[in-house]
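Chain by chain, the residues:
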Amino acid sequence: MAEGTTIAGPSDSTSEYSQIKDLIDQPLSDGDTWYIIDLHWFNSWKKYVGWDKWDPNNVRDPACHPGNIDNLALLKENTMELKEHLTEDIDFALVPEPVWNLLVKWYQLTPGQEPIARKVVDHGMLTSYLRVEIYLTELKLAKYPETEKTCVKKFSKRDTLETVEKVLRDIFEIPENSNIHLWTKSSNQAYEELPMKKQSIQELSLMTNQTLVAEVQNEDGTWPRKTSYSKRSVVGASYSSLRHYDGDSSGSRSVQPGLCGLNNLGNTCFMNSVLQCMSNTPPIQRYFLEERHWAELNKENPLGNQGEIAKAFADLLKAMWSGQHHAFPPRAFKLQVGRFAPQFSGYQQHDSQELLTFLLDGLHEDLNRILKKPYIELKDADGRSDAEVAREGWENYRKRNDSVIVDLFHGMLKSTLVCPECNKVSVTFDPTCYLSLPMPVKKERPIELYLARVDPEQKAMRYRVIVPKMGTILDLTEALSKLCGIPADHLIVADVHQHKFHQVFTNDSSISQISERDVIYAYELPERLGTTGTCCLGVYLKEVKTRNNYGYGSMFGVPFILQVPREGMVHDQLYQCIVTRMKRYLKSSDDQELAGPSSSDAITDISSTNQTVCENEMDTEDVDMSLENGNELPCMEINGIDSAAKASQSKRLFSMDLVNLSGNSSLGKIKENGKLITLAAKSFVSCEWDPVVKELSYNAEAEKYAEDASSQQRVNVKKQVLQLKECLEVFTSIERLGADDAWYCPTCKKHVRATKKFDLWSLPEVLVIHLKRFSYTRSLRDKLDTLVEFPIRGLNMAPYIIDPNPTDAVYDLIGVCNHYGGLGGGHYTAYAKNKDDGCWHYFDDSSVSEASEESVCSKAAYVLFYIRRNQNGKWIENVRPPLTKSSPAPVHKTHAKRNSANDSEEDMDSS
């Protein structure tokens with residue numbers, strides 16, 4: 001279907017639904033092709049075919065027809081490249097190839113666009129982890145010595161270095177019989193060799209925009225970079241086939257141990273921040289630097305990572321505390337994380353707390369002293385004392401879990417569930433390695449929107465209102481009503497995007513559907529919203545260069561909504577309504593001659609007009625928006641154009657087309673001949689302007705808006721400051737489970753919304769506190785920037801511990817993981833206290849700077865690391881002694897110091 005033709009589709013919506021339903025849940029298979037499709041279009045299609053059975057209102061409603069498949073919102077301007085940071089189920093949907101083929105057959109792709117096809121790639125290395133590769137890796141390819149002259153090429157993560165080398169040889173015309181070395185070059189002119197050409201881009205952790213340099217061997221056997229490879233040893237770690245030469249590895253450039261930044265490998269700031277906090281946790285630093293992990297590696301643990309996570313982490317800590325690096329690339333560590341946790345492979349931004357959870361669990365299982373875990377049957381409390389049940393639970397847990405991580409990070413929570421129907425009480429004691437604390441903030445948000453009044457002479461006015469985050473559009477209109485004086489039931493709200501309506505909201509619509517980047521308009525209505533016999537008509541403005549083809553044209557201006565009668569209007573009345581509403585947008589009164597009949601009163605007496613029309617036109621037929629024969633909407637020729645109509649048409653500013661919500665499919669021309677028009681409850685009309693008429697008549701300057709005082713207030717929500725104890729109090733308070741988290745009561749034999757309460761029974765040596773700043777719904781991702789004040793010294797947790805015989809519970813802060821910015825595009829950093837000098841330092845990827853103690857507590861704080869003030873040191877008693885010198889040397893050691901400590905471009909030039 002070409003854009004703008006009469007709507008047509010498969011036989012019926014049931015057929016579309018059933019055909020797609022059988023195919024949409026197709027599992028991912030390595031190498032299959034899937035297609036990216038704009039989520040707004042896909043959701044519009046779902047409404048049109050009645051995908052959600054509980055919402056049958058829009059099934060086959062022509063106004064909800066999705067039109068041509070349109071992915072323009074996903075693409076960078078004037079390109080076919082995807083925008084950055086797009087998210088599945090928020091920006092786009094993924095459909096398998098059979099589904100895509102059917103949708104294209106029924107709806108066609110918007111002219112000028114191309115399918116966005118992506119391959120399924122197995123991101124796992126040891127276990128399968130299939131994902132659709134949304135973003136390809138863009139590499140800058142260069143040939144030494146002209147390393148600034150680069151050529152950008154895209155590769156799949158599954159492509160090997162051999163593939164990259166072939167592309168390099170083709171681009172730079174390097175003969176097949178010429179030996180080459182491949183290097184990565186960083187912005188600070190540091191080089192890393194990539195000798196293992198069988199490895200994939202994913203395994204090598206190569207990232208987008210990274211520069212790869214081909215060094216071609218000279219005819220005499222020497223190398224242009226004047227590097228003596230024979231004097232250098234290959235990296236010792238078997239899992240890292242990289243040779244790193246950076247300007248900070250020189251022994252003469254020694255730095256204080258521990259003050260080593262970590263290079264950002266591509267959206268790895270989330271990982272770097274966690275590693276800095278873990279590195280500056282004294283017991284962890286001591287354990288790994290003393291190489292005690294070698295004696296406790298559990299390579300056979302089926303729940304572990306063959307010891308590789310522990311070894312990679314130890315190697316990284318030794319590099320960071322060697323005093324030889326200002327900054328170090330954690331590439332080998334990231335490689336191992338990607339092997340065993342494929343969700344962290346690639347270069348997408350992730351949650352630092354989720355990475356910390358994996359790291360603590362991975363280290364625990366790699367270092368678990370239990371070689372064969374016994375089966376233990378869990379028992380209910382059954383009226384026994386808390387002390388007895390807690391002791392039994394901890395002993396049972398230690399029978400299966402015994403590691404330095406358990407010694408240092410694990411405490412116990414008491415969980416109490418109460419059935420609301422039979423009062424059955426269930427008590428369990430569960431281990432935990434961190435406390436995830438909710439933030440009791442007042443959940444409101446500001447929303448900016450524009451108010452378009454009925455009076456056509458008034459400019460749109462920008463307002464800022466404060467509404468509940470989980471409220472409805474009714475809350476929004478009521479808040480706006482208090483500022484503008486218009487009754488809430490005389491307002492209709494819409495999301496405007498690219499000169500048309502992205503969505504027209506109902507009062508029951510959730511505010512969470514509105515994101516910060518949305519442009520929201522509220523339109524004043526002369527009558528109450530939903531008044532019987534009225535229609536809220538959406539009006540689009542479109543410049544059409546070829547009148548005979550609806551598809552050639554572009555939307556312009558701001559769309560608006562008119563409240564008009566559903567029945568009884570003729571073409572001229574509807575036209576005059578629109579022209580009257582647009583009065584401010586017309587350049588001069590002279591242009592009103594083009595408007596047709598007098599516009600002093602667009603619709604003063606619909607009933608009398610109807611009577612006249614009916615008397616003079618006995619064969620009048622109402623034309624509605626319904627589909628005939630279940631599958632096609634005929635072209636809506638409301639009347640044939642006679643000679644008089646053709647004459648008057650030449651004086652019109654625009655012609656009118658009934659269209660769908662997206663404005664990309666015509667439902668039929670509205671023609672002149674005095675016949676009555678019947679509109680659906682939801683209707684949209686496109687006013688098609690000739691380019692010359694638009695240039696002469698339309699005043700784009702009138703689109704400017706005015707500012708209400710509320711919009712000038714930068715922050716209208718009172719900034720809260722929370723205390724950490726408030727978060728702890730909420731964490732330990734009673735809450736009722738949601739419907740999705742119902743508990744199965746063994747007495748009632750059914751799922752119930754029980755009450756649940758957490759209590760702290762025991763706390764570990766290292767206390768990790770996670771502040772729950774992020775919340776996710778299907779349509780909204782939100783972050784709380786509220787400042788939580790927490791003590792740097794002397795955090796007393798004793799009031800929250802219910803064990804009658806607790807250990808010392810006073811803690812001091814040693815590290816903070818920070819998150820700045822919003823979701824998707826945020827940035828992670830860390831504060832950490834160096835154990836040697838007792839000073840605080842700020843770690844921002846490769847940058848390290850001294851920090852004041854006062855700066856540590858900020859609204860960016862996300863994960864807090866505390867250590868018990870009076871450490872009993874018993875944890876070290878459980879640790880096996882380090883391997884003696886007579887023991888076999890470990891396979892994985894830190895990189896040997898090289899003869900050429902600095903292999904940067906500057907050093908080569910001076911040699």
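Residues numbered from 1 in each chain as written. Predicted model: local features only at pLDDT ≥ 70, side-chain atom pairs only at ≥ 80, totals over all residues. Heavy atoms only, no water.

Per an unreviewed UniProt entry, the chain goes by Ubiquitin carboxyl-terminal hydrolase and derives from Daphnia magna. UniProt, in the comment section headed Catalytic activity (unreviewed entry), describes the chain in these words: "Thiol-dependent hydrolysis of ester, thioester, amide, peptide and isopeptide bonds formed by the C-terminal Gly of ubiquitin (a 76-residue protein attached to proteins as an intracellular targeting signal)." (UniProt positions renumbered as here; feature names shortened; annotations may be inferred.)

Chemist: Before we go on, may I ask you to explain the overall build of the chain in this structure?
Modeler: When helices and strands are counted, the chain shows 19 helices and 41 strands. For the chain, the residues scored as buried account for 52% of the 911 residues in total. Considering only intrachain contacts with a sequence separation of at least 6, the fraction spanning at least 24 residues in the chain is 74%. (Helix = DSSP H or I, 4+ residues; strand = E, 2+ residues; numbered from the N terminus. Buried < 20%, exposed > 50% of the residue type's maximum accessible area, 1.4 Å probe, protein only. Contact = heavy atoms within 4.5 Å.)

Chemist: When you look at the packing of aromatic side chains in this model, what are you seeing that I'm missing?
Modeler: The geometry of an aromatic ring pair is captured by the separation of the ring centres together with the interplanar angle, meaning the angle of the planes. The full count for this structure, using the stated rule, is 27 aromatic pairs. Here the aromatic rings of Y450 and Y705 are separated by 4.9 Å at their centres, their planes lie at 70 degrees, and the arrangement is edge-to-face. Of this pair, Y450 sits in strand β16 (residues 444-452) while Y705 sits in the loop between α16 (691-697) and β26 (706-707); the two residues are 255 residues apart in sequence, bridging distant segments of the chain. The class of Y450 is buried, set by a relative accessible area of 14%. With a centroid separation of 5.8 Å and 20 degrees between ring planes, the pair formed by Y521 and Y523 is classed as stacked. With a relative accessible area of 9%, Y521 lands in the buried category. A relative accessible area of 1% places Y523 in the buried class. (Phe/Tyr/Trp six-rings, centres within 6.5 Å; stacked < 30°, edge-to-face > 60°.)

Chemist: Would you mind going over the side chain of H571 with me for this structure?
Modeler: Within the fold, H571 resides in helix α13 (residues 571-581). Among the polar contacts listed, one links the side chain of H571 to the side chain of D572, at a separation of 3.3 Å. The residues touching H571, leaving out its near neighbours within four places in the chain, are R652, M656, I670, K671, E672, K675 and I677. (Polar contact = N/O pair within 3.5 Å; in protein donor to acceptor, adjacent residues only side chain to side chain.)

Chemist: Can you walk me through empty space enclosed by the protein in this structure?
Modeler: Which parts of space are left empty comes out when a probe the size of a water molecule is rolled across the atoms. One pass over the full model with this rule turns up 6 cavities of 30 Å³ or more. Computed from the structure, the largest cavity encloses a volume of approximately 190 Å³. Contributing elements (two or more residues each) for the lining of the largest cavity: β20 (519-524) and β22 (553-565). Class assignment for the residues of the lining of the largest cavity results in 9 nonpolar, 1 polar and 5 charged. (1 Å grid on protein atoms, 1.4 Å probe; cavity = no way out; pocket = protein on both sides within 12 Å on 5 of 7 lines; lining within 4 Å. Points joined across faces, edges and corners; volume = space filled by probe spheres on them. Nonpolar A, V, L, I, M, F, W, Y, C, P; charged D, E, K, R; others polar.)

Chemist: Is there a simple way to think about the side chain of Q353 in this case?
Modeler: Here Q353 lies in helix α9 (residues 352-366). According to the relative accessible area criterion, Q353 is buried, its value standing at 9%. Within the structure, the side chain of Q353 is placed 3.1 Å from the side chain of Y434, a separation counted as a polar contact. Discounting chain neighbours no more than four positions away, the residues touching Q353 are Y434, H770, Y862 and V863.

Chemist: Help me understand helix α12 (residues 473-484), please; the structure alone is not making it clear to me.
Modeler: Note that an α-helix has 3.6 residues per turn; residues three or four places apart therefore point the same way. Helix length check: α12, at 12 residues, gives a terminal C-alpha distance of 16 Å against a target of 16 Å (1.5 Å per residue), a fit within 8%. What α12 keeps buried is the set I473, L476, T477, A479, L480, S481 and C484. Of the surrounding elements, those touching the buried residues of α12 are β16, β17 (461-468), β18 (491-497) and β20. Following α12 by one or two positions, G485 has its phi on the positive side, about 85 degrees. (Expected span 1.5 Å × (residues − 1).)

Chemist: Before we go on, may I ask you to explain the sheet that holds β22 in this structure?
Modeler: In sheet architecture, strand pairing relies on hydrogen bonds along the backbone and comes in two forms, parallel and antiparallel. Spatially, β22-β21-β25-β23-β24 is the arrangement adopted by the 5 strands of the open sheet, whose pairing is mixed. The sheet is open, and its two borders are formed by β22 and β24 (666-670), each paired with just one other strand. Taking the axes of each pair of neighbouring strands and ignoring which way they run, one obtains an average angle of 30 degrees across the sheet. Bridge count between strand β21 (residues 534-544) and β22: 10 bridges; the pairing is antiparallel. Residue pairing in the sheet places E543 in a bridge with S554 of β22. Along the sheet, α13 makes contact with β21, β22, β23 (654-659), β24 and β25 (682-689), crossing β23 at roughly 105 degrees. (Pairing = 2+ DSSP bridges. Axes fitted to C-alpha atoms, helices over the stretch in contact; angles between N-to-C directions.)

Chemist: I tried to follow the pairing of β21 on my own but got confused; where do I start?
Modeler: Consecutive residues of a regular strand have side chains that alternate between opposite faces of the sheet. Burial within β21 is extensive, with 10 of its 11 residues counted as buried. Alignment of β21 against β25, held across 8 bridges, turns out to be parallel. Following the sheet pairing, E543 is matched in β25 by W689.

Chemist: What am I meant to see in the environment of G258 here?
Modeler: Looking at the element boundaries, G258 is found in the loop between β10 (243-245) and β11 (261-262). Residues G258 and H325 lie 67 residues apart in sequence; the distance between their C-alpha atoms is 9.4 Å. Not counting residues within four places of it along the chain, the set of residues in contact with G258 comprises Q276, M320, W321, N834 and F843.

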